[in-house]
Structure formats: C-alpha cells, structure tokens
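Commentary on secondary and tertiary structure
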Amino acid sequence: MARRLPTGISVLDRQLDGGIPPGSILLLTADPASQSESLLYEIAAARGTLYVTTIRSEQAVRDAIERYRGSIDRLSVRDAGDYPPIDNATRLVKDLPENANLLIDVVDPLEDADPTRYRRFLNELQTHMVNTGSIAVLHAMHGDDTPNRALTEHMADVVFDLRTDTSGSQIVNRLAIPKFRGGSALEETIKLKLTDGVTIDTSRDIA
C-alpha cells in the first residue's frame, strides 16, 4: 500500500488505512453553523501547516486555535486578502514546503472566480501538492451555491462531508467519505463527537 499521511484524527486514520495519500486535495464540506473547524485544527497539528483564511482575520484564526487546543507548532496563518482572493492564494500555495498541510478556510470565495481561472488554480494546486508530497484541505460550506463547486468536487481526491443534525434532543454529527480516489470510500457514515477534540460517538441511535 502506498504511503499515507495521517490526518491527526486517529478515529479517521484507522478507517483510512493510515490517512491520506501525499499529493491529495481533500474537500471538507460542512454546515456553516457546525464544529467542522475542529477537524481543521486537528489536521493542522499533524504536521507543518499553512492556514490560508479567506473570511476571518489571521488573529481570529489564531485565537480560535489557541482556545481549542493551545498553540500549534509549525503553523503559519495567512489572510488571502480582499476579493478576489484567488491571486493571493495562488502565490501562497507556491510557498508551501514539502510534506506539509495547506488549509484553505473557506474555499467559497475562491470558487467565485472565473471558471477558467479557478480551474487553472486547482490544477496548479494539484501539481504543487504532488511535487511536495503535501495535502491540501479545502473547507467549503453547505448551501453556498458557488458557480465552481462542481469543479472543486471533481478535482478533489478525497471528500469529507460533515452533516450536523439539530432536529432532535441531541446534536448529531455524521461524517461521510463518499469519494477516495485511488482508494476505498467508506460504505457507512461515522458518528463523531466534536466537543473536546474529535472522537467517535459510540452512543446508539434509538428510533
């Protein structure tokens, strides 16, 4: 089996035979009002990470990570700047070292670019991930009908789809992995607890 890079989330790494293949683009889709950022912060702690923020300020991201799990070594946070941010994101990608993480939170503003320009960005991103043996994580919001979301989904090698159900007496988070290019996608969803860290929720559903 080809080498995998751990996500830093042990419950997922066990399901994924050790993690994500180097050179991959991972798309994480989630509701805006969810704890999906917990997954990003755990991934950021796994190895050297460049965290590109497109909406929140650099300081807001640093403060949130500090509150979540304390300081993270080898973490750089950069703001992609005012719209359109795709040019700054392209420049930042080229600075990524080998065997690192690139997190783009969120990718939605980049998806607003001209389709030809966005396609070029994704292909350049893919090439750089392969050349450096790194992983790119694109955080995207459910319900944001950007014109290029289908391009993002197609280019992604791995898709994590986090669904948060608030309709009952408990908040339920389920993670589906419907796409894993060059590997096996999971046939069942994983019920997660996104409270103090990321763990599997072993409580049973009662109909």
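Higher on the page you've got the structure.
Right, let's walk through the structure included here. Every value quoted in this text rests on a predicted model; they were computed, and no experiment measured them.

1. Remarks on the overall build of the protein
- Broken down by element type, the protein carries 7 helices and 9 strands.
- If one aligns the C-alpha atoms of the protein with their principal axes, the spans along those axes are about 50 × 40 × 35 Å.
- Residues classed as buried in the protein amount to 52% of the 207 residues present.
- Contacts spanning at least 24 positions in sequence make up 67% of the contacts within the protein whose residues lie at least 6 apart.
- As displayed, the protein has an accessible area near 10,300 Å², and 47% of this comes from carbon and sulfur atoms.

2. Notes on the packing of aromatic side chains
- Going through the model one piece at a time under the given rule, you end up with 2 aromatic pairs.
- Here tyrosine 118 and phenylalanine 121 contribute two aromatic rings whose centre-to-centre distance is 6.2 Å and whose plane-to-plane angle is 25 degrees, an arrangement assigned as stacked. Taken together, the residues span about one helical turn, with tyrosine 118 and phenylalanine 121 both in helix 6 (residues 115-132) at a distance of 3 residues. Both residues of the pair, tyrosine 118 and phenylalanine 121, belong to the buried class.

3. So, the nonpolar core
- Of all hydrophobic cores here, the largest spans 35 residues; its most connected members are Ile20, Leu39, Tyr51, Phe160, Ile177 and Leu192.
- For this core, the element with the most residues is helix 2 (residues 37-44), which contributes 5 residues.
- Excluding anything up to four places from it in sequence, isoleucine 177 contacts Leu16, Val158, Val159, Phe160, Ala185 and Leu186.

4. Things to note about the pairing of strand 1 (residues 25-30)
- In terms of burial, strand 1 is largely enclosed, as 6 of its 6 residues are buried.
- Burial of strand 1 is two-sided: the residues Ile25, Leu27 and Thr29 facing one way and the residues Leu26, Leu28 and Ala30 facing the other way are all buried.
- Relative to strand 5 (residues 135-141), strand 1 runs parallel, the two being bridged by 6 bridges. Bridged to leucine 26 within strand 5 is valine 137.
- Looking at chain direction, strand 1 and strand 6 (residues 158-165) are connected through 4 bridges and run parallel. Residue leucine 26 lies in a different strand from strand 6, and its bridge partner there is valine 158.

What counts as what
- Within every chain, residues take consecutive numbers counted from 1 along the sequence as written.
- Two thresholds apply to this predicted model, a pLDDT of at least 70 for residue-level local features and 80 or more for giving and counting side-chain atom pairs, whereas whole-chain, interface and lining totals are computed over all residues.
- The side-chain quantities take in all heavy atoms of the structure and omit both hydrogens and water.
- Only runs of H or I of at least four residues qualify as helices and only runs of E of at least two qualify as strands under DSSP, and these elements are numbered from the N terminus.
- Partly exposed residues are those whose accessible area sits between 20% and 50% of the maximum for their type, while under 20% is buried and over 50% is exposed, using a 1.4 Å probe and protein chains only.
- Throughout, a residue-residue contact means that at least one pair of heavy atoms, one from each residue, lies within 4.5 Å.
- Method for areas: the Shrake-Rupley scheme with a 1.4 Å probe, in which residue coverage is limited to the protein chains shown.
- Each Phe, Tyr or Trp ring, with Trp reduced to its six-membered ring, pairs with another whose centre is within 6.5 Å; inter-plane angles below 30 degrees give stacked pairs, above 60 give edge-to-face pairs, and intermediate values give tilted ones.
- Throughout, nonpolar core names a set of buried Ala, Val, Leu, Ile, Met, Phe, Trp, Tyr and Cys residues whose side chains join them through atoms within 4.5 Å.
- When DSSP finds at least two bridges between two strands, those strands are taken to pair.

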